[in-house]
Amino acid sequence: MTKSLKFALFGNVYQEHKSIAAHKFINTAQQLGLTLAIHEPFYNFLCCQPEVHMPECEIIRSNDFTADYAVCIGGDGTFLDTASKVADKNIPIIGINAGRLGFLANFSPDHIETDIKDIISGSYSTQSHSVLNMKCDEIDLHGYPFALNEVAILKHDISSMITIHTSINGEPLTTYQADGLIVSTPTGSTAYSLSVGGPIIVPQSNTLCLTPIAPHSLNMRPIVLCDDYEIDLMVESRSQSFLISLDGRSQSYPDKIHLHIKKAPYHITVVTRHQQSYFSTLRKKMMWGADTRE
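What counts, and at which threshold
- Residues numbered from 1 in each chain as written.
- Predicted model: local features only at pLDDT ≥ 70, side-chain atom pairs only at ≥ 80, totals over all residues.
- Heavy atoms only, no water.
- Pairing = 2+ DSSP bridges.
- Helix = DSSP H or I, 4+ residues; strand = E, 2+ residues; numbered from the N terminus.
- Axes fitted to C-alpha atoms, helices over the stretch in contact; angles between N-to-C directions.
- Buried < 20%, exposed > 50% of the residue type's maximum accessible area, 1.4 Å probe, protein only.
- Right-handed = clockwise from strand over helix to strand, strands pointing away.

**Things to note about the sheet that holds strand β12 (residues 207-213)**
- Across the sheet, six strands lie side by side as β13-β12-β11-β8-β15-β16; this open sheet has antiparallel pairing. Of all strands in the sheet, those with a lone pairing partner are β13 (223-226) and β16 (249-254), marking the two edges. Going across the sheet, the axis of each strand differs from the next one's by a mean of 20°, ignoring polarity.
- Across four bridges, the pairing between β12 and β13 is antiparallel. For Leu208, the partnering residue across the bridge sits in β13 and is Leu225.

Given below as structure tokens:
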């Protein structure tokens, strides 16, 4: 007898209309005889939606879970949150876009049944995405110290610019006087980094990018580095504190602590359709290269 594939389901719990995609996926999973495990907050959210008939399933109450695939329903923020829960488990993530852009969550709710059947039959591709790890000499960092998109060093809203002393593999690079500094993976190059002038970088390029935010000097431009380099930072601030944001999870820290950022020892596997290229996603999702004169 063939073992039933197990799918772990995660989702956005803030917008009721996104339960429609969950309803379609759960119905498809039941029809195909899949084993389901649902993240507890999303399970509780779905139980309150009258159109969703909840099956008997495992409830995921911690990050200690197993599955053949993880499915996230929402936008790219939901995808990043799911990636933090999957972490080093080597579980491929299927992103069903119920948000706006859906650059990472690239499956459509309209084709859930067909797409899940293709995935079960092995008719899909995967992309490997690198992850950043941050450590600190003086204190323990709060929460999950990894990021799929970026680590951002930021000033507090009401403070003046911050000073960021930056070294690469122990060698001084420069001192940024800026509102902040983004260390992004190729995955994150189309997120926060792009919005402040960083380059688009293809996922398999084995690079990282340092992108300053509103630098005080015009010659402070983004720089692309090999992803086996270690980046060392020390921040000074008039307010004696600053923010660290890992994929949008922000915490305040005292200044003059020493931070170390390098590639994590694991990667995140993203499921894509066969023949779906990174460049076609750029053109479709971000209108990259579009000529508005046509």
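**Looking at the pairing of strand β4 (residues 69-74)**
- With six of its six residues buried, β4 lies for the most part within the structure.
- Going residue by residue along β4, you find Tyr69, Val71 and Ile73 tucked away on one face and Ala70, Cys72 and Gly74 tucked away on the opposite face as well.
- Looking at chain direction, strand β1 (residues 6-11) and β4 are connected through five bridges and run parallel. In the sheet register, Gly11 faces β4, and the bridge partner there is Ile73.
- Here β4 pairs with strand β5 (residues 93-97) via five bridges, running parallel. Across the sheet, Cys72 pairs through a bridge with Gly95, a residue of β5.
- What joins β4 to β5 is helix α3 (residues 76-86), and the crossover it makes is right-handed.

Taken by themselves, the reported measurements are silent on function.
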